[in-house]
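Below are the chains, spelled out letter by letter.
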Amino acid sequence: MLNVSTKDLVPSPVGPVDVEQAEAALVERYPRLVRIAYLVLPPSLGRNRRVLTAHALVQRSLPRRRVAGPSVPEPRLAEDAVDPGYAYVRSEVLRQALVAGLPLRRLALPSRAQFPPLLPHVWGLRLFPRVGGADELALDQRLSRLSGPGRAAYVLRGLERQGDAEVLRVLAAAGVADPAAALAEADALDGAPELPGEGPGGALPPDGGGAGPEGGAAAEPGGPGRSGAGGAGGDRPGPDAAGRPDLPGHGGPGPRRSGAALLESDEFDPCALQARPTDLLRRRQHARAGIVAVAALLVCGALLGLPGDGWGRNGAAAPSYARNPAAEAALDPGALKRVDPAVWPASTRQDFSVWPARGALTGDRALLRRALAVWARPGASVRSSATPGTPVGPPMGPPQLLFAGVVDGARVVILHDGLRAVRYAEPVGGTAGAALDFARTDGADAVGSAALVLSRAAGNVRYLTAPWVRETSVRDLLAPGEEARPLGRDAVGVTEPMTSPALAKGCTRWNTLQVRDGSGLRMLADLGELAPARLLWGPPAAPADATGPEAREAWARTACQLSAVRAHGVRSVNAWRFARQPLPEGAGSGTWLCTRAETWRGTGSRVLAQFLVPSSSVPAALAARSEGSPACGVRDPRVLAGVLWQAPGGGWYVLAAGSPDFTALETSGGVKGRSEGPLLAVKAAAGARADLAGTLPGGTRVRALR
């Protein structure tokens, strides 16, 4: 049991310490301080890192300014005969060495002492003290079993010749939470049994291990700043009085040294070092990898440092978008093109380029600026759509303003840049939920630029019509006998809402916009895009607007097939009756139609071949479909298709028809037959499948549309 009073636990009253005084003590006793740090550091760090860390801790222990002492100095005790400068530096060394031995924790802020030191640093060499004997090895193993405070207590008592009370004060000053437990660990090390391999015997002869006046440890010089009096235990009784040695040694001949004497050996001297090279092969690999990394870094830095975006694709391009004068002008609402309403009547062309700027918000610069900015850089919250083949990048210059106003609870802006029509919409109450729609409109004529979709809401659609449109009405394609219903417009050309087939789920009604301009009636269909599609009727070489009775009758039975070309960038849809065929068993005459949807981009056209039975109440049957085929077009106004048809009497037939220029038709496979001319009817079984081909003048064979 320790006989230490409460007053003994108070740190020793060290007086003020100047920086010069601390530096003199550090330089004079540098080997001793480094040895203390080396012994207190955990052996698990490895000898090379312990050496470098010990030197770093001592060199970092110099104060930055004068250290003040207590305001009222306490009476100095007999064991306080230590230079104040040395006492301060030693306390700092112990504190840092104890912190360096703590493990790194995930949530705790690490200390500088816990990381490998930056200085001193050695490249290409491993440094370690000289190798000692079996006694030094045994002591190092025993010290490794102690905690950091326990090693500090053992070193203070064995190397510094400190008494128990002074050891407790120094440990408390170094930040140890429980100095008494650390001192108990040091006591346990002295009384621990001999480790395997530490040598036979156990207890040393009284004349070899004593710490009294006649022992070897008592004859050694005292610690720094202290007299040589006192044993290894200071004011504690020596090992002889306790009846045990300090530390068992090896079992060789001759007296064995005590633990205090072993602490002074070269095994624990980080100032007398040996050097060996590091792993040469690994170092060579690391050097090669470092050279490659530096070279790659230099190349990347050179590329990033070039003007613009670096080498290659941009060549002599102008600066990036934000610094390009033309691009900046495209974002300026004051630079928008505005056409006067008096321009279009005298213009030689009628298209979007002569549309005047209309709407109540054409002077709202903030709204126009937002529309231009979203067009150039749409954010993640913007709902954006574009017809196939339509570029969605920023305008190449200041676009033309067509409309800006409030429609169906939203602020709507429509712009045109010669290639595209762009619609920007945002809620009246804010900018959240903005929408941006692109549609390709290059090459639009007077009919193609007759209207644009302004708003879709609650299943209805509103159009903005061209200034040359004189009259608007609604016509249901599925009711060819009904008259068109008038559709009102306001002063700027915005129509009243009408039911849109683009938002309908079924096909019970297919409303179209019928407009009258200076040359006649036009039929426009909403296919879910910004620009409505023009509906036509007639042969590919000379189609006409589908406003006549015959065209309306045919479109009434084929209108529901328009859903196959919805949201496909369609410019116009032409339906053409290419054949009439007498049906077997006297069932009347069937009609063959070819429907071709042309796109604004010129590619991706879709072709549908349809068969109509005599009954006008039966919708058209889809016989064949193709995408990208020139059939039914101006370049190739031919088409061939067939169906499997059941007569009213129950018999099944393969019916086929081609455009008038076919000279013969033939089926093969499951059904075989041949006929001269563009019509074919062959009896077949239910579910039969056949291949169809036709012959043109000159013997060219053409396969059916697929």
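Rules behind the numbers
Along each chain, residues carry numbers from 1 onward, in the same order as the chain's sequence is written. In view of the model being predicted, local features appear only for residues whose pLDDT reaches at least 70, and side-chain atom pairs are presented and counted only at 80 or more, with totals across whole chains, interfaces and linings using the full set of residues. Side-chain calculation: all heavy atoms of the structure are included, whereas hydrogens and water are not. Pairing of aromatic rings covers Phe, Tyr and Trp, the last counted by its six-membered ring, and requires centre-to-centre distances within 6.5 Å; plane angles under 30 degrees mean stacked, over 60 mean edge-to-face, and any other angle means tilted. Strands here mean DSSP runs of E at least two residues long; helices mean DSSP runs of H or I at least four residues long; both are numbered from the N terminus. Remark: exposure states derive from per-residue accessible area (1.4 Å probe, protein chains only) relative to the maximum for the residue type, with buried under 20%, exposed over 50%, and partly exposed in between. Only Lys NZ and Arg CZ are tested; either one counts as a charge over a ring when it is within 6 Å of the ring centre and within 35 degrees of the ring normal. Whether two strands pair comes down to DSSP finding at least two bridges between them. Remark: nonpolar core denotes a set of buried residues (Ala, Val, Leu, Ile, Met, Phe, Trp, Tyr, Cys) joined through side-chain atoms within 4.5 Å. Any pair of residues with heavy atoms lying within 4.5 Å of one another is described as a contacting pair.

## Some details on the packing of aromatic side chains
Then step 1. What the rule picks out here adds up to seven aromatic pairs.
Then step 2. Ring geometry for W375 versus F438: centroids 6.4 Å apart, planes at 65 degrees, classification edge-to-face. Note that W375 is positioned in helix α14 (residues 365–376) and F438 in strand β7 (residues 435–440), a separation of 63 residues in sequence.
Then step 3. Residue W375 is classed as buried on the basis of its relative accessible area of 1%.
Then step 4. Given a relative accessible area of 3%, F438 falls into the buried group.
Then step 5. Seen in terms of ring centroids, W576 and F578 are 6.0 Å apart; in terms of plane orientation they differ by 55 degrees. Their pairing is tilted.
Then step 6. The rings of W576, F578, W592 and F611 are connected pair by pair, giving a single aromatic cluster.
Then step 7. Between the NZ or CZ atom of R50 and the centre of the ring of Y38, over which it lies, the distance is 4.0 Å.
Then step 8. In this structure, R358 packs its charged tip against the face of W355, placed 5.0 Å from the ring centre.

## A short note on the sheet that holds strand β12 (residues 498–499)
Then step 1. Sheet architecture is open: three strands sit in the order β8-β9-β12, paired in antiparallel fashion. Strands at the two margins of the open sheet, each flanked by one partner only, are β8 (451–457) and β12.
Then step 2. Here strand β9 (residues 460–465) pairs with β12 via two bridges, running antiparallel. From the neighbouring strand, V461 faces β12, where its bridge partner is M498.

## Comments concerning the environment of R509
Then step 1. Locating R509 in the fold gives a position in the loop between β12 and β13 (511–517).
Then step 2. Taking the C-alpha atoms as reference points, R509 and L478, 31 residues apart in sequence, are found 6.1 Å from one another.

## Comments concerning the nonpolar core
Then step 1. Of all hydrophobic cores here, the largest spans 46 residues; its most connected members are V40, V58, L94, L143 and L171.
Then step 2. Elements that contribute at least two residues to this core include exactly α1 (19–28), α2 (30–40), α3 (47–59), α4 (84–100), α5 (134–144), α6 (148–158), α7 (164–173) and α8 (179–191).
Then step 3. Counting residues per element, this core draws most heavily on α2, at eight residues.
Then step 4. Apart from residues lying up to four places away in sequence, L143 is in contact with L39, R151, Y154, L189 and L263.
Then step 5. Listed in part, the 35 residues of the second largest apolar core include V407, A439, A450 and L524.

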